[in-house]
Amino acid sequence: MDLLNAFIVLANFVIIPATTYGAQLALGALGVTLVYGVLRFSNFAHGDTMALGTMVTVLLTWGAQALGLSMGPLPTALLVLPVAIAITSVWVLATDRVVYRFYRRIKAAPVIFVIVSIGVMFVTNGVTRIILGPDDRRFADGERFIITAREFKTLTGLDEGLALRTSQALTIVVTVIAVIALFWFLNRTRMGKAMRAYSDNEDLALLSGINPEQVVRLTWIIVAALTVLAGVLYGLDKSYKPFTYFQLLLPIFAAAIVGGLGSPLGAIAGGFLIAFSEVTVTYAFKKVLTYVLPETLAPDGLVQLISTDYKHAVSFVILIIVLLIRPTGLFKGKAV
């Protein structure tokens, strides 16, 4: 019974949160790896594009709520997601046409694209803050929990209760659907194969009659969809604050690089690796060990390796180690 209680505590504070966070990082890292794989540069505006897409979703959600629209137990944000993705797609396509397209034409070095993306990042961040401000914004509605800790205790008779929030389950389900749809598109459709061909060998793809501008547009639209999904799911699970998405840029890039920059499968694996590393290293294992160990060996301290204030340092350390030992990542993407 004590082992079961220990597992419930671990599931409550490590397994479920890390799986949820990993799914959110995986969606973000997929966007980063698609830009790097197809457009061949590291997009530092990615985090603020997430913030912009989530901001649009927040405003549309408030509008839908004011009109009395809802999805019952599910968040109203799901209802407006397609519109938010469309608006964010217009933004990234406009950014590409106004900014990145010029540098593609003159075949600028990748480092130039990185510097330019930093400029786009500041502009996007400024737009977001001007429209919605820098403060926390909550837009989640519907049922908060699928099952509460009290209900779980009543059902099982255990001392510890397992709580599963709607946002956590929703994140996992939406991520699975999005990943399956993306891999189906990349592997089964003509345009998906064209994107892969363009990524592997641009010159050969052009000789094969592939339209590069069409590939670029489609890539940005897919990236916009992934960033909005990642940003909204993170906002529903926590709360919306523009600067938070800038901070997410490090673990998202770490996930993409650790998995193998340019490899979609690697982005997913890297997302979960970074998430579980951050959550596990910053969790206080005192309660779990109290159940597992004999009473005489029960720890007095928190048994926490580092404070949660430094959780992003974990992804930074993992990123440095991977860059030093295996620059191509776990799934042999393109070297950084």
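Right above here is the structure, for reference.
Described in the following lines is the structure provided in the data block.

What counts and what doesn't
Residues numbered from 1 in each chain as written. Predicted model: local features only at pLDDT ≥ 70, side-chain atom pairs only at ≥ 80, totals over all residues. Heavy atoms only, no water. Phe/Tyr/Trp six-rings, centres within 6.5 Å; stacked < 30°, edge-to-face > 60°. Lys NZ or Arg CZ within 6 Å of the ring centre and 35° of its normal. Core = buried A, V, L, I, M, F, W, Y, C linked by side-chain atoms within 4.5 Å. Buried < 20%, exposed > 50% of the residue type's maximum accessible area, 1.4 Å probe, protein only. Contact = heavy atoms within 4.5 Å. Axes fitted to C-alpha atoms, helices over the stretch in contact; angles between N-to-C directions. Helix = DSSP H or I, 4+ residues; strand = E, 2+ residues; numbered from the N terminus. Parallel < 35°, antiparallel > 145°, perpendicular 65-115°, else oblique. Left-handed = near helix turned anticlockwise from the far one by under 90°. Nonpolar A, V, L, I, M, F, W, Y, C, P; charged D, E, K, R; others polar. 1 Å grid on protein atoms, 1.4 Å probe; cavity = no way out; pocket = protein on both sides within 12 Å on 5 of 7 lines; lining within 4 Å. Points joined across faces, edges and corners; volume = space filled by probe spheres on them. Patch = residues over 30% accessible without salt bridge, like charges linked within 9 Å, V, L, I, M, F, W, Y side chains within 5 Å. Areas by Shrake-Rupley, 256 points an atom, 1.4 Å probe, with all protein chains shown as cover. Salt bridge = Lys/Arg side-chain N within 4 Å of Asp/Glu carboxyl O. Polar contact = N/O pair within 3.5 Å; in protein donor to acceptor, adjacent residues only side chain to side chain.

To continue, consider the packing of aromatic side chains. Applying the stated criterion across every chain yields a total of 13 aromatic pairs. With 5.0 Å between their ring centres and 80° between their planes, Phe102 and Tyr103 make a pair best called edge-to-face. Cluster of aromatic residues (ring-pair linked, three or more members): Phe41, Tyr100, Phe102, Tyr103, Phe113 and Trp220. It is Arg40 that lies over the ring of Tyr198; its NZ or CZ is 5.3 Å from the centre. One Lys or Arg, Lys311, reaches over the ring of Tyr21 and ends 5.2 Å from the middle of that ring.

The subject of this paragraph is the nonpolar core. Within the largest apolar cluster, 87 residues are counted, with the highest numbers of intra-cluster contacts made by Met195, Trp220, Tyr240 and Leu248. Among residues more than four places away in sequence, those in contact with Trp220 are Val35, Leu39, Phe41, Asn43, Val92, Leu93, Asp96 and Tyr100. Of all hydrophobic cores here, the second largest spans seven residues; its members include Ala11, Ile16, Ile147 and Leu162.

This paragraph deals with the packing of helix H11 (residues 249-259) against helix H14 (residues 311-325). It is the contact of H11 with H14, at a shortest axis distance of 9 Å, that shows an interaxial angle of 30°. Classified by the angle between their axes, H11 and H14 sit roughly parallel to one another. H14 is crossed by H11, and the crossing has left-handed handedness. Where H11 approaches H14, its residues Leu250, Pro251, Ala254, Ile257 and Val258 are matched on the opposing element by His312, Ser315, Phe316, Ile318, Leu319, Val322 and Leu323. Residues that form the contact of H11 with H14 fall into these classes: 10 nonpolar, two polar and no charged.

If a probe as big as a water molecule is rolled over the atoms, it shows which places are left empty. One pass over the structure, following the stated rule, counts two cavities of 30 Å³ or more. Its boundaries defined by the atoms lining it, the largest cavity holds a volume of some 50 Å³. Asn43, Ala45, Thr49, Trp91, Val92, Thr95, Tyr100, Val120, Thr124 and Trp220 together form the lining of the largest cavity. Among the elements of the structure, helix H3 (77-105) and helix H4 (110-132) are those that each provide at least two residues to the lining of the largest cavity. It is H3 that provides the largest number of residues to the lining of the largest cavity, a total of four residues.

This part is about a nonpolar patch on the surface. A cluster of nonpolar side chains, contributed by Phe316, Val317, Ile320, Ile321, Leu323, Leu324 and Ile325, occupies part of the molecular surface with about 670 Å² of accessible area. In this fold, Leu323 is placed in helix H14.

A few words now on the environment of Asp141. Looking at where Asp141 falls in the secondary structure, it is placed in the loop between H4 and strand S1 (145-147). Sequence separation between Asp141 and Leu79 is 62 residues, and the spatial gap between their C-alpha atoms is 12 Å. In contact with Asp141, not counting residues within four places along its chain, are Gln65, Leu74, Pro75 and Thr76. A polar contact is formed between the side chain of Asp141 and the side chain of Thr76, at a distance of 2.5 Å.

On to the layout of surface pockets. Taken as a whole, the largest pocket encloses approximately 760 Å³ of empty space. Arg165, Ser167, Gln168, Asp237 and Lys238 are, among the 34 residues lining the largest pocket, the residues nearest its centre. Of all the secondary-structure elements, those providing two or more residues to the lining of the largest pocket are helix H1 (2-39), strand S2 (164-165), helix H6 (166-188), helix H9 (212-237) and helix H12 (264-282). In terms of residues, the lining of the largest pocket owes the most to one element, H1, which gives five residues. Tallied by class, the residues present in the lining of the largest pocket amount to 13 nonpolar, 11 polar and 10 charged.

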